[in-house]
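Fold and geometry: a report
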Amino acid sequence: MVLRHLPNVRSLKELSRHQRLLVLYTLGLVGIILFYTVVYNTGMRTLEGESHSIFRSFQTVVETMTTTGYGADSPWLTPWMNLLVVLMQLSGIAIGFFTLRLLVIPLFERTSINLENRLTAKDDHVVICEYRRDSDILLDELERLDIDYVLIDSDEEEATRLSNTGYQAISGDPEEVETLERAMIDDAALVITDAGDRNASIVLTALDLNEDLRLVSLTESARQHRALTEIGVDTVISPHSLIGRRLAHKATAAVTVPEGTAVGEDIEIREVLVRHGSPFHDTEVRETPFFEHPQLTLIAGWFKGDLRLPPSPTDRLTRSTVLVVAGPSDVIDEVREEVSGVRSVREHTNVIVAGMGEGGRAAINALSGDVSITTIDLNEDEAVDVVGDSSDPETLAAAGIEDATALIVTVDDDAIALLTIALARSLTDEIEILVRVTSNEKVRTAFSAGADYVLSIQQATARLLAREIYGEDIVSPLSQIRLVRTDAAPFAGQSLKEANEGAETGWVLVGVERDGTLRTEATTQIDGGDKVLVAGTDVMIQEFEEETTRS
């Protein structure tokens, strides 16, 4: 079996049960051979009167245990030496059978694999009961954050695939006590359920086994929140509703910091969308007024769905590029109008929502009452204004696509979503298109089709859960950026600009916090007693913290 990656092993505890067995087997075999070698060498010298090197004794022991021959030493004259050789022969046969059963037969036998043997020892870990959105994406997020987990999948074939790829996965029914016990539920700290109507049953079974568990449930409908909360679930997440609201907020605001995250009294972090009509369309980052503005810090940028933190000076701005900028709100407003182009993100007054599922309804509820909303869906409903396929030009025309300022696409079929984007963009180049896709692989395709902003259910859900588990303040679970405050001592004596010029790719010093005030001016000198606000990806923030701790 070829693993996707090997663990950074520091102790036997970090090995799976099967790996630990192999290590102990190897150490035991080496120990037996060395023991026989020393005893045989001593016996030949004291009992047989023949003195030869330890290496010849080693060769004879190996020949005897593998039943390949005895070299020039046989026959032996003393009973004790003959008894030792017989013991070595019997040991060799026993070890041979053990090796055959442990190593050889599993390689060729088409028998079911005991996935629990591959689990490493767990403590305060996360047990994930089913995951219906793309397990690889979530598990990659957890491993990047160094979070211990066990995934339970009722599909044996899928669980085996994940295990073969190197993930900590087992197969079984998470509603059954035996399955949860195999996932070491007694030692777990958190359980995540994503099993639809079975969520409640799994939660109740898990609490019976470990009443100290923290519980998070994913649901398709926000209507299940109250019921799940009443049976003991701590956090209920409805990804479709949350992303629908996020798309609505993107149509009316650019602030990325969630409520409760204080950056500074007058300092904000905002996203600036580069539209087709921007004078900076198809220019390099270094040519924008954000690049070396004395009061602003350019943190990151999304270029056709790829996050670059910080952006390279030579990265080109295209339609749908999103820049993340920190600084005084009034200064950002001034520069944003210059860069964004044809329209401010706060001016949407006529919005079309395509897809009236959970996400579409959440988007409508999040839009301001001053916004004119037209809804599209295949199914007739009192909340649907235009019944039809959003990828049909007649449907979009009936919804008033030419007069709309924004189109929010939350249809369940990614193929229909992509067709809707392309069609809408062909009908008008002035509209802002904000899209939800199911598959993470469709994000780039959606940008290529003409979308201005795209969120993936798979990636967004993984980010939301990672934030819930990690327990730290992340700027936006949908944007892949974290903010941390840390001591400024490693940067003392430098200006903010100098510190960022010497920074490693992947993190940016947003500002210097002094006397309760955050300063983002590039010329700000950093003192040892200051705090610095650092933005970066999960991995780079971890590396930044390790690097500054060492220094």
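Residues numbered from 1 in each chain as written. Predicted model: local features only at pLDDT ≥ 70, side-chain atom pairs only at ≥ 80, totals over all residues. Heavy atoms only, no water.

Per the secondary structure count, the protein chain includes 17 helices and 21 strands. Buried residues in the protein chain amount to 50% of all 551 residues. When contacts within the protein chain are restricted to residue pairs at least 6 apart in sequence, long-range pairs at least 24 apart make up 64% of them. (Helix = DSSP H or I, 4+ residues; strand = E, 2+ residues; numbered from the N terminus. Buried < 20%, exposed > 50% of the residue type's maximum accessible area, 1.4 Å probe, protein only. Contact = heavy atoms within 4.5 Å.)

Taken together, the six strands give an open sheet; going across it, the order is S3-S2-S1-S4-S5-S6, and neighbouring strands pair in parallel fashion. The open sheet has two free edges, formed respectively by strand S3 (169-171) and strand S6 (235-237), since each of these has just one partner strand. Here the average twist between neighbouring strands, direction ignored, is 20°. Bridge analysis of strand S2 (residues 149-153) against S3 gives three bridges, and the strand direction is parallel. When the bridges of S3 are listed, Leu 151 appears paired with Ala 169. (Pairing = 2+ DSSP bridges. Axes fitted to C-alpha atoms, helices over the stretch in contact; angles between N-to-C directions.)

Let us look at the confidence of the model for the protein chain. On average, residues of the protein chain score 79 in pLDDT, and 81% of them are at 70 or above. For the stretch residues 254-262, pLDDT sits under 50, and the model shows 21 contacts to residues farther than four places along the chain or on other chains. Confidence over residues 342-346 falls short of pLDDT 50; this stretch has 23 contacts with residues more than four positions distant or in other chains. (pLDDT = per-residue confidence, 0-100.)

In this structure the tally under the stated criterion is one aromatic pair. Plain terms: the ring middles of Phe 35 and Tyr 36 are 5.9 Å apart, the flat faces sit at 45° to each other, and that makes the pair tilted. A cation over an aromatic ring shows up here: Lys 122 above the ring of Tyr 149, its NZ or CZ 5.9 Å from the ring centre. (Phe/Tyr/Trp six-rings, centres within 6.5 Å; stacked < 30°, edge-to-face > 60°. Lys NZ or Arg CZ within 6 Å of the ring centre and 35° of its normal.)

What follows concerns the nonpolar core. Among the nonpolar cores identified, the biggest contains 25 residues, and Leu 407, Ile 433 and Val 435 are the most heavily contacted of them. Ignoring any residue separated from it by four or fewer positions in sequence, one finds Val 435 in contact with Leu 247, Val 409, Ala 417, Ile 421, Ala 451, Tyr 453, Val 454 and Leu 455. Counting 24 residues, the second-largest nonpolar core is a separate cluster that includes Tyr 131, Leu 138, Leu 151 and Ala 466. (Core = buried A, V, L, I, M, F, W, Y, C linked by side-chain atoms within 4.5 Å.)

Next up on the list: helix H7 (residues 199-209). Looking only at H7, the buried set comprises Asn 199, Ile 202, Val 203, Thr 205 and Ala 206. Projection of H7 onto a plane perpendicular to its axis shows the buried side chains occupying an angular sector of 165°, all on one side. The inward-facing, buried residues of H7 abut strand S1 (126-129), helix H6 (177-182), strand S4 (190-193), strand S5 (214-218) and helix H8 (225-230). (Arc of directions from axis to C-beta.)

Attention now goes to the sheet that holds strand S14 (residues 406-409). Read across the sheet, six strands follow the order S13-S12-S11-S14-S15-S16 without closing on themselves; strand pairing throughout is parallel. Where the open sheet ends on each side, the last strands, each with one partner, are strand S13 (386-387) and strand S16 (453-456). As defined by bridge partners, strand S11 (residues 350-354) adjoins S14 across four bridges and the pair is classed as parallel. What sits directly across from Ile 352, in S14, is Leu 407. In the packing of helix H13 (residues 414-427) onto the sheet, contacts are made with S14 and strand S15 (432-437), and the angle to S15 comes to roughly 170°.

Put simply, helix H9 (residues 239-250) and helix H11 (residues 358-366) touch, their axes get as near as 7 Å, and they point 40° apart. Put simply, H9 runs oblique to H11. Of the two elements, H9 crosses H11, and the hand of that crossing is right-handed. Judged by residue contacts, His 240, Ser 241, Gly 244, Arg 245, Ala 248 and His 249 of H9 engage Glu 358, Gly 359, Ala 362, Ala 363 and Ala 366 from H11. Class assignment for the residues of the contact of H9 with H11 results in four nonpolar, five polar and two charged. (Parallel < 35°, antiparallel > 145°, perpendicular 65-115°, else oblique. Left-handed = near helix turned anticlockwise from the far one by under 90°. Nonpolar A, V, L, I, M, F, W, Y, C, P; charged D, E, K, R; others polar.)

Scanning all chains against the criterion turns up 19 salt bridges. The salt bridge partner of Asp 381 is Arg 361, with a shortest N-O separation of 3.6 Å. Of this pair, Asp 381 sits in the loop between strand S12 (372-377) and S13 while Arg 361 is found in helix H11, placing the two residues 20 residues apart along the sequence. Residue class for Arg 361 comes out partly exposed when judged on its relative accessible area of 36%. Look at the salt bridges and you will find they share partners, linking Glu 130, Asp 173, Glu 175 and Arg 198 into a network. (Salt bridge = Lys/Arg side-chain N within 4 Å of Asp/Glu carboxyl O.)

Turning our attention to the pairing of strand S7 (residues 267-273). Counting buried positions along S7 gives six out of seven residues, so the element sits mostly inside the fold. Pairing between S7 and strand S10 (residues 322-328): seven bridges, direction antiparallel. When the bridges of S10 are listed, Val 272 appears paired with Leu 323.

This part is about helix H2 (residues 54-65). For H2, built from twelve residues, the straight-helix expectation of 16 Å at 1.5 Å per residue is met to within 8% by its first-to-last C-alpha distance of 16 Å. What H2 keeps buried is the set Ser 57, Thr 60, Val 61, Glu 63, Thr 64 and Met 65. (Expected span 1.5 Å × (residues − 1).)

With that out of the way, let us pick up the environment of Glu 141. Within the fold, Glu 141 resides in helix H4 (residues 135-144). Relative accessible area serves as the criterion here: at 2%, Glu 141 is assigned to the buried category. C-alpha of Glu 141 to C-alpha of Leu 465: the two residues are 324 residues apart in sequence and 9.0 Å apart in space.

By secondary structure assignment, the location of Leu 427 is in helix H13. Between the C-alpha atom of Leu 427 and that of Ile 401, which follows or precedes it by 26 residues, the distance is 7.6 Å. Each residue touching Leu 427, except ones within four places of it in the same chain, is listed here: Leu 396 and Ile 401.

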